[in-house]
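If you want the building blocks of each chain, they are given just below.
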Amino acid sequence: MTTQEIIDQIKLILECTPYVTESKKVKIGFARMGEPAFNLDNVLHAIMSLPFISVMMDRDFTWLPCFNSVLPRKIDLNTTGFDVIDRVIDVKENHFNGFLHFQISCNSTDENVRHKLFNTSNVLSIEEVVKYINTKTITNRTVTLNFIVMKDVPVDVEYLMKLGLNPEKFVVKLIPLNKTINAENNSLQTYANYSNYEDLVNLADQFAKYDIPVIYDAIAKCEEAGLCCGQLVHVHQQG
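## Comments concerning the packing of helix H1 (residues 3-15) against helix H2 (residues 40-56)
So, point 1. Remark: H1 packs on H2, axes separated minimally by 9 Å, with the N-to-C direction vectors making an angle of 35°. Viewed along their axes, H1 and H2 form a crossing whose handedness is right-handed. Here Thr-3, Ile-6, Ile-7, Ile-10, Lys-11 and Leu-14 of H1 come into contact with H2, specifically with Asp-41, Asn-42, Val-43, His-45, Ala-46, Ser-49, Leu-50, Ile-53 and Met-56.

Laid out in structure tokens, this is it:
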């Protein structure tokens, strides 16, 4: 998508909700339907346009854009995953005063498992990500390491701490696996959800003992119903 096509979608959402005239937190995610790092220029230009869009449409909004990536190792001949980190953090710190949600999809601390889940080996390792971001200035919102917790998919807290996970740079997010067609086709099951929520709490507590901030929650009912993460596109294609 071009920058203008992304902006047009944002404007359409605002046009359809004229009753929302002000908000202190308007979160908008640039993910779920593709890897934004492969459309980096257009996505970042659209993100930087958000304040102008709301002013133009007479909305009093404080935006919280979300850039969610698996961080491919190579984007093109001139751009690497490290360049993506640099550019997203630059927009975060210099255009949004640190208030941009930069989320990195990890899902496991075992790199071989990660490669299998992502169907590629061409992503930055968690070790590379942690060590590189530890060198950056991060203000207001820390960088999120996102783990979709699944049965038989390791999330090793001790390993992450050995890598130098810094609570001033990172927050860990633990979320149950959504009910998706891909998950069912690949026999993936969630580690915890409503029926055994305490297991998710116990995993979060392992991070908390090292003072690592943790976000965790059960998934929304709409996600259990298969309405999120691009599932409606699958339904449309099958129809």
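Let's pick the thread back up.
## Brief notes about the packing of aromatic side chains
So, point 1. Per the stated rule, a full pass over the model turns up 4 aromatic pairs.
So, point 2. Between the aromatic rings of Phe-61 and Trp-63, the centroid separation amounts to 5.5 Å while the plane-to-plane angle is 85°, which identifies the pairing as edge-to-face. Here Phe-61 matches Trp-63 in class, with each residue buried.
So, point 3. When the ring of Phe-67 is compared with that of Phe-102, the centres are 6.1 Å apart and the planes differ by 75°; the resulting orientation is edge-to-face. Of this pair, Phe-67 sits in strand S2 (residues 60-69) while Phe-102 is found in strand S5 (residues 101-105), placing the two residues 35 residues apart along the sequence.

## Looking at unusual backbone geometry
So, point 1. In this structure, Asn-140 is a non-glycine residue whose phi angle is positive, near 60°.
So, point 2. Relative to the helices and strands, Asn-140 resides in the loop between helix H5 (126-133) and strand S6 (143-149).
So, point 3. One non-glycine residue, Asp-152, lies in the positive phi region at around 65°.
So, point 4. For Asp-152, a relative accessible area of 81% translates into the label exposed.

## Focus: the environment of Arg-73
So, point 1. For Arg-73, the position within the fold is in the loop between S2 and strand S3 (74-76).
So, point 2. Residue classification places Arg-73 among the partly exposed residues on the basis of a relative accessible area of 31%.
So, point 3. Between the C-alpha atom of Arg-73 and that of Val-123, which follows or precedes it by 50 residues, the distance is 4.5 Å.
So, point 4. With residues up to four places along the chain from it excluded, the contact list for Arg-73 reads Thr-80, Gly-81, Asn-122, Val-123, Leu-124, Ser-125 and Glu-128.
So, point 5. A polar atom in the side chain of Arg-73 sits 3.3 Å from the backbone oxygen of Val-123.

So, how was this worked out
- Residues numbered from 1 in each chain as written.
- Predicted model: local features only at pLDDT ≥ 70, side-chain atom pairs only at ≥ 80, totals over all residues.
- Heavy atoms only, no water.
- Axes fitted to C-alpha atoms, helices over the stretch in contact; angles between N-to-C directions.
- Helix = DSSP H or I, 4+ residues; strand = E, 2+ residues; numbered from the N terminus.
- Left-handed = near helix turned anticlockwise from the far one by under 90°.
- Contact = heavy atoms within 4.5 Å.
- Phe/Tyr/Trp six-rings, centres within 6.5 Å; stacked < 30°, edge-to-face > 60°.
- Buried < 20%, exposed > 50% of the residue type's maximum accessible area, 1.4 Å probe, protein only.
- Polar contact = N/O pair within 3.5 Å; in protein donor to acceptor, adjacent residues only side chain to side chain.

Just distances and angles here, no functional claims.
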